[in-house]
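Breakdown of the fold
Here are the chains, one letter per residue:
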Amino acid sequence: MPEPTSAPTAPCAPEDVRRIACIGAGVIGGGWAAHFLARGYDVTAWDPADDAGEKLRRLVAAAWPALEQIGLADGASPDRLTLAPTLAEAVADADFVQESAPENLELKRSLLAELAAATRPGVVIASSTSGYPMTEMQTAAEDAGRLVVGHPFNPPYLIPLVEVVGGERTDRAAVAWASRFYDLAGKSVITMDRELPGFIANRLQEALWREALHMVANGEASVEDIDASITEGPGLRWAFMGPCLTFALAGGEGGMAHMLDHFGPSLKSPWTRLAAPELDRELRDAMVDGCAEAAGGRTYADLVAERDQGVIDVLRATGRLGSTRR
């Protein structure tokens, strides 16, 4: 990603954002609109579909009870949603733009170029793309320095994650601005160091999904078995402790180092259709050091207690804890 350029400074700080333009009002764009409304922002939406406004209001109304349970910001209201008749009017006074058009590369290119031309200088424009690198999407835009990816997970008003990354022509200041804004807007932000097709979370769930399809296609497992293997197994841990720390605990007090040294050879076993990377010293050390950093000073006992309590909490919340028997 390039060093900061002479691109115009954003017209306001992330803390001062008041109006957000949501371009595209389908499932993702509408979910973003609901989230921003719940956080107390004014939202202007635009979508070329004739019935987009009606569908968007229904989506926001359907999401609002869940948002009330989570907790609304002061002044939050569905009444702060405005539907604009044109794209230019939607972004005219926007402090931030969230683009959520369909996943079509040429459409994304032309739309982002149009947004960059219509939006006030310096306003950061984020794309909700689920797979395209920004470098491929910003090719037609003259003012590409403020174009970033802000990839959410569905529904954006409930799932905290947003992955932020720029393209080759993106100014680093725009990436930093977007990450700070999303954080203030109540999202859990991963600011990626480099572009990666599919980003991080999509690549992980895609690997799981492809293996599931292989098993069904080969008659090795049923759909029900596959889903249960996650919801009743590792999914309970992944809700609060990701795969790396989870595997580190499999190494006992020796952590990730012991786990890799002991179980590393199993990477050569034909358990998956995906090719495993070579477990060389560099990869081993990166995993060990990364887990130590992720642990943040917590001991093995601390992590075990956190994991166990987390599983209990998830089981209780989903009604699967079971009764105590004598």
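Below, the structure is looked at part by part. (Residues numbered from 1 in each chain as written. Predicted model: local features only at pLDDT ≥ 70, side-chain atom pairs only at ≥ 80, totals over all residues. Heavy atoms only, no water.)

**Points about the sheet that holds strand 8 (residues 188–191)**
On the basis of which strands lie adjacent, the open sheet formed by 8 strands has the order 3-2-1-4-5-6-7-8 and mixed pairing. With one partner strand each, in any of the chains shown, strand 3 (81–83) and strand 8 form the two edges of the open sheet. The sheet shows a mean angle of 25 degrees between the axes of neighbouring strands, direction not considered. By the bridge criterion, 4 bridges tie strand 1 (residues 19–23) to strand 4 (residues 96–99) in an arrangement that is parallel. In the strand pairing of strand 4, Ile20 is matched with Phe96. Here helix 1 (residues 27–38) sits on the sheet in contact with strand 1, strand 2 (42–46), strand 3, strand 4, strand 6 (147–152) and strand 7 (161–166), set at roughly 165 degrees to strand 1. (Pairing = 2+ DSSP bridges. Helix = DSSP H or I, 4+ residues; strand = E, 2+ residues; numbered from the N terminus. Axes fitted to C-alpha atoms, helices over the stretch in contact; angles between N-to-C directions. Contact = heavy atoms within 4.5 Å.)

**Thoughts on the pattern of salt bridges**
Where side chains of opposite charge bring their charged atoms close, a pairing between them can arise. Counting across every chain of the model gives 18 salt bridges. Residues Glu15 and Arg180 are paired through a salt bridge, measuring 3.0 Å at the closest nitrogen-oxygen approach. You can see Glu15 sitting in the segment before strand 1 and its partner Arg180 sitting in helix 6 (residues 172–184), a full 165 residues away along the chain. Taking the relative accessible area as the measure of exposure, Glu15 reaches 42% and is therefore partly exposed. Accessibility expressed as a relative area gives 37% for Arg180, which makes it partly exposed. Across the salt bridge formed by Arg109 and Glu106, the nearest N and O atoms sit 2.7 Å from each other. Pair noted here: Arg109 and Glu106 are both in helix 4 (residues 105–118), with a separation of 3 residues, about one helical turn. (Salt bridge = Lys/Arg side-chain N within 4 Å of Asp/Glu carboxyl O. Buried < 20%, exposed > 50% of the residue type's maximum accessible area, 1.4 Å probe, protein only.)

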